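# Coordinates in review
So you can see what is in the structure, the chains are spelled out below.
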Amino acid sequence: MESFDFPFFIEVLVGGLLSGIMYSLVAIGFVLIYKTSGVLNFAQGALLLFAALTFVSLLERGVPFWITFAVTLAIMAVIGILIERTVLRPLVNKPPITLFVATLGLAYVLEGGAQLLWGTQVHGLDLGIDDVPYVVGGVFISTFDLFAAAVAASIVLLLTIVFRYTRIGLAFRAVADDQFAALAIGLKLPVIWAAVWIAAGFVALVAGLLWGARLGVQFSLSLVVLKALPVLVLGGFDSILGAIVGGLLIGASEKLAEVYLGPFFGGGIESWFAYVFALAILLIRPSGLFGQRLVERT
Amino acid sequence: MTTASIPLPRPVSAIGRVPTWLLPLAVIVFAYAGIPLFASDYLYDAILAPFLALSLAAVGLNILTGYAGQVSLGSAAFMAVGAYAAYNFNLRVEGLPLLASIVFAGLIASAVGVVFGLPSLRLKGFYLAVSTLAAQFFVQWTLTKFSWFSNYNPSGVIDAPALGYVFEGPHGRYLFSLSVVVALTVFAARLVKTQTGRNFIAVRDNETAAKISGVPVLHTKLLAFAISSFIIGVAGVLWAFAYLRTVEPHGFNLDRSFQILFIIIIGGLATIRGAFLGAALIVVLPLVLSRAGTFLFGSYFDSGVLDMSQRILVGALIIVFLIAEPDGLAALGNRIARRLRLRSPTN
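Since the model is a prediction, treat every value here as computed from it, not as a measurement.

## Points about the overall build of chain B
Scanning chain B for helices and strands turns up 14 helices and two strands. Counting over 347 residues, chain B shows a buried share of 46%. Nonlocal contacts in chain B, meaning residues at least 24 apart in sequence, comprise 78% of its contacts between residues at least 6 apart.

Next up, the structure:
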């Protein structure tokens, strides 16, 4: 056995943790909606694609960066409100599987719409961050990954502040806790749902830009949901902290497994490793690391 | 999802005087004797072949999701297991009759289903649904990675063996698929009326109550996975052998799994005929859309635009359906039948 290359191990680990944060960012969009309306929103990936494609297309037409950002955000807000009006409101109180399938249908509509509107070609997206690796003690760390991690961290901070210290945040938490009680004290559920969808649209935009800069803006961008799902299962569908920790765990274990176990399987194991890893942990903790324990009764 | 109770459709006999078995029998007779009178090769190969395979897959998924309440997003994986297993049995076991390789393929799919069903003993609802994605990705990876499964074919796309005997040509393949589908559907329809079927429903409606009434919950869940995967595996064989006539892993991707889920939701959960109604809609709709698209816009739009519009329409239709008829086409049919019966003066 050759000697264990420790700096290399650290490099893989750090790379994994940083890409894990990118998974968390997608997962947070899910958590927002699941927490307040109990919907596993499969369309989050399609939202992400829609946001990134709209952003890139506007940017390519010469619109300045911040105006593009604002316009895209506004479009995402309109889409969020539309989704709440046309899809979720008529399906209130339906079984979760019905809602889930509705978001699958929604994903088809958004993916088709985005590409019908802006075309199917691959766009490059340059956020103006030079990807020069930092060298810390012989370990290479990508600047872009660090930037993405910083963005993700500030989003989480922002969400935490909104949830903790604002009236709308308080309303969010009330709805998440108990919808009937929230209704009873006069909170307007549709308004809150619309707000949550707008927030999810904002997270989708940011995640879409980061992922788009990494992978190019194209259809496969909507497949990042498949990376976020094991993160969600691991962290619990209703926990933002869980999404972060889950993302870090999945990111790190996936990269380590790819490097150290992959050769034994002939490579390419990242398509399923995250799922199997999440499953293994779930067998010990069935509602995820941070998910609410459900008390079963009917 | 555990508490999501889906009302069982009332049997027709409870409302009118027509016995429940009459309609299915009439449909079967029509499928064997009526359709061949007018069917063209196009109808057989492009519509009926995928329709039959998808209907059967939907019947299988409906046992697991509709009756036993365990949501699965990995149906296409079990179809793939069935198709590849049948191919390999046929290839590697000298002199094995085709029917036997199909049955063995179903059993292999069943075994794989039980393995990926194990998480259902601990996980519920969406946690389980997402974990079934593990099956989807793992199976697809295995089949592409290890070329033993595709007999070291460099392209990974292999020709399915001919069905043989009288089952040649579009009509023969249709009869073959139809017979397999009828046999397994009758089995499924009987199964859900037995004690086992009731156990499935009990587990779906209230696991705790089922446990208290003496239903072996864990055993029942695994049995649901086993039976469902058997049927879905055989559906995979039909898909590969009778429809595509090639075996390739890409035909069994996540989109296929979603498609089968759409079918049972649109058709109606926990109904056997819902699987067929839903499959008919899902198979015919894209064909109608592309025909209508070409007719209306001609060559004005390229195929990419048409693809996208189709995606939008299918997605929108699913949403509209869920809103307008959440219990599916089967419930819609029941309502129409009831209304007709109330209007008819003889009743």
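What follows continues from the structure just given.
## Topic: the overall build of chain A
When helices and strands are counted, chain A shows twelve helices and two strands. When the helices and strands of chain A are placed in sequence order, the string is α-α-α-α-β-β-α-α-α-α-α-α-α-α. Over its C-alpha trace chain A gives a radius of gyration of 20 Å, about what one expects of a compact globule, namely 19 Å for 298 residues. Considering chain A as a whole, with its 298 residues, one finds that 47% of them fall into the buried category. Look at the contacts in chain A between residues 6 or more apart in sequence, and 75% of them connect residues 24 or more apart.

## Side note on the packing of helix α2 (residues 44-60) of chain A against helix α3 (residues 65-88) of chain A
Residues and elements named next belong to chain A. The geometry of α2 relative to α3 is characterised by a closest axis approach of 9 Å and an angle of 145 degrees between their N-to-C directions. Where α2 crosses over α3, the two elements pack in a sense that is right-handed. Residues A51, T54, F55, L58 and L59 of α2 pack against F65, T68, V71, T72, I75 and M76 of α3. Grouping the amino acids of the contact of α2 with α3 by side-chain chemistry returns eight nonpolar, three polar and no charged.

## Thoughts on the interface of chain B and chain A
Listed by partner, the interface residues are 38 residues for chain B and 37 residues for chain A. Breaking the side of chain B that touches chain A down by element, the ones donating at least two residues are α6 (125-145), α11 (254-267) and α13 (303-324) of chain B. It is α13(B) that provides the largest number of residues to the side of chain B that touches chain A, a total of 13 residues. For the side of chain B that touches chain A, the class distribution of residues is 27 nonpolar, eight polar and three charged.

## Re the packing of helix α4 (residues 75-92) of chain B against α11(B)
Residue and element names in this part refer to chain B. At a closest axis distance of 7 Å, the pairing of α4 and α11 adopts a crossing angle of 110 degrees. When the interaxial angle is binned, α4 and α11 end up roughly perpendicular. Residue-level contacts link S75, A76 and M79 of α4 to L254, R256, S257 and I260 of α11. Its residues assigned to classes, the contact of α4 with α11 comprises four nonpolar, two polar and one charged.

## Some remarks on helix α14 (residues 328-343) of chain B
Across its 16 residues, α14(B) extends 23 Å between first and last C-alpha, which sits within 8% of the 22 Å expected from 1.5 Å per residue. Looking only at α14(B), the buried set comprises G328(B), L329(B), A330(B) and N334(B).

## Observations regarding unusual backbone geometry
Residues and elements named next belong to chain B. For R245, which is not a glycine, the phi torsion comes out positive at approximately 60 degrees. The topology assignment puts R245 in the loop between α10 (217-244) and β2 (246-247). Given 15 C-beta atoms within a 10 Å radius, R245 is considered partly exposed. With a phi angle near 60 degrees, A270 is a residue other than glycine that sits in the positive phi range. As for its placement among the helices and strands, A270 is situated in the loop between α11 and α12 (272-297). For A270, a count of 26 C-beta atoms within 10 Å corresponds to the buried category.

## Considerations on the nonpolar core
Counting residues in each nonpolar core, the largest one holds 205 residues, and the members touching the most others are L48(A), A53(B), L56(B), I231(B), V234(B) and L238(B). At 19 residues, the largest contribution of residues to this core is made by helix α8 (residues 189-215) of chain A. Non-local contacts of L48(A), meaning those with residues more than four positions away in its chain, are made with V26(A), A204(A), A207(A), G208(A), W211(A), L221(A), S222(A) and V224(A).

## Considering the confidence of the model for chain B
A low pLDDT means the predicted coordinates there should not be read in detail. All names here are of chain B. Per-chain confidence: chain B averages 85 in pLDDT, with 90% of residues scoring 70 or above. Least confident of the elements in chain B is helix α1 (residues 12-15), whose mean pLDDT is 49; most confident is α10, at 94. Reported confidences for the modelled complex are a pTM of 0.87 and an ipTM of 0.84.

## Let's talk about the environment of L58(A)
Residue and element names in this part refer to chain A. Topologically, L58 is positioned in helix α2. Sequence-wise, L58 and V71 are 13 residues apart; in three dimensions their C-alpha atoms are separated by 8.9 Å. Beyond its immediate stretch of four places on either side in the chain, L58 contacts V63, T68, V71 and T72.

Criteria and thresholds
Throughout this description, residue numbers start from 1 for each chain and increase along the sequence as written. Numbering of ligands from 1 and lettering of chains from A proceed in the order in which they are written. Only residues with pLDDT of 70 or above have their local features reported here, since the model is predicted, and side-chain atom pairs are shown and tallied only from 80 upward, although totals for entire chains, interfaces and linings are computed over all residues. Every helix listed is a DSSP run of H or I at least four residues long, and every strand listed is a run of E at least two residues long, numbered separately from the N terminus. Residues with at least 20 neighbouring C-beta atoms inside 10 Å of their own are called buried, those with 12 or fewer are called exposed, and the rest are partly exposed, where every C-beta is derived from the backbone. By definition, residue pairs are in contact when their C-beta atoms, positioned from the backbone, come within 7 Å. Values of the radius of gyration come from C-alpha atoms, whereas the globule rule sets the reference at 2.2 Å times the count of residues to the power 0.38. Geometry is summarised by axes, namely lines fitted to C-alpha atoms with helices restricted to the contacting stretch, and by angles between N-to-C directions that run from 0 to 180 degrees. What makes a crossing left-handed is the near helix being turned counterclockwise from the far one by less than a right angle; a clockwise turn instead makes it right-handed. Amino acids outside the nonpolar list (Ala, Val, Leu, Ile, Met, Phe, Trp, Tyr, Cys, Pro) and the charged list (Asp, Glu, Lys, Arg) are all regarded as polar, and Gly is one of them. In what follows, roughly perpendicular refers to angles from 65 to 115 degrees, roughly parallel to angles under 35, roughly antiparallel to angles over 145, and oblique to any angle outside these ranges. One less than the residue count of a helix, multiplied by 1.5 Å, gives the span that helix is expected to have. In this usage, the nonpolar core is the set of buried Ala, Val, Leu, Ile, Met, Phe, Trp, Tyr and Cys residues whose C-beta atoms join them within 7 Å. You can read pLDDT as the predictor saying how much it trusts each residue, on a scale of 0 to 100.

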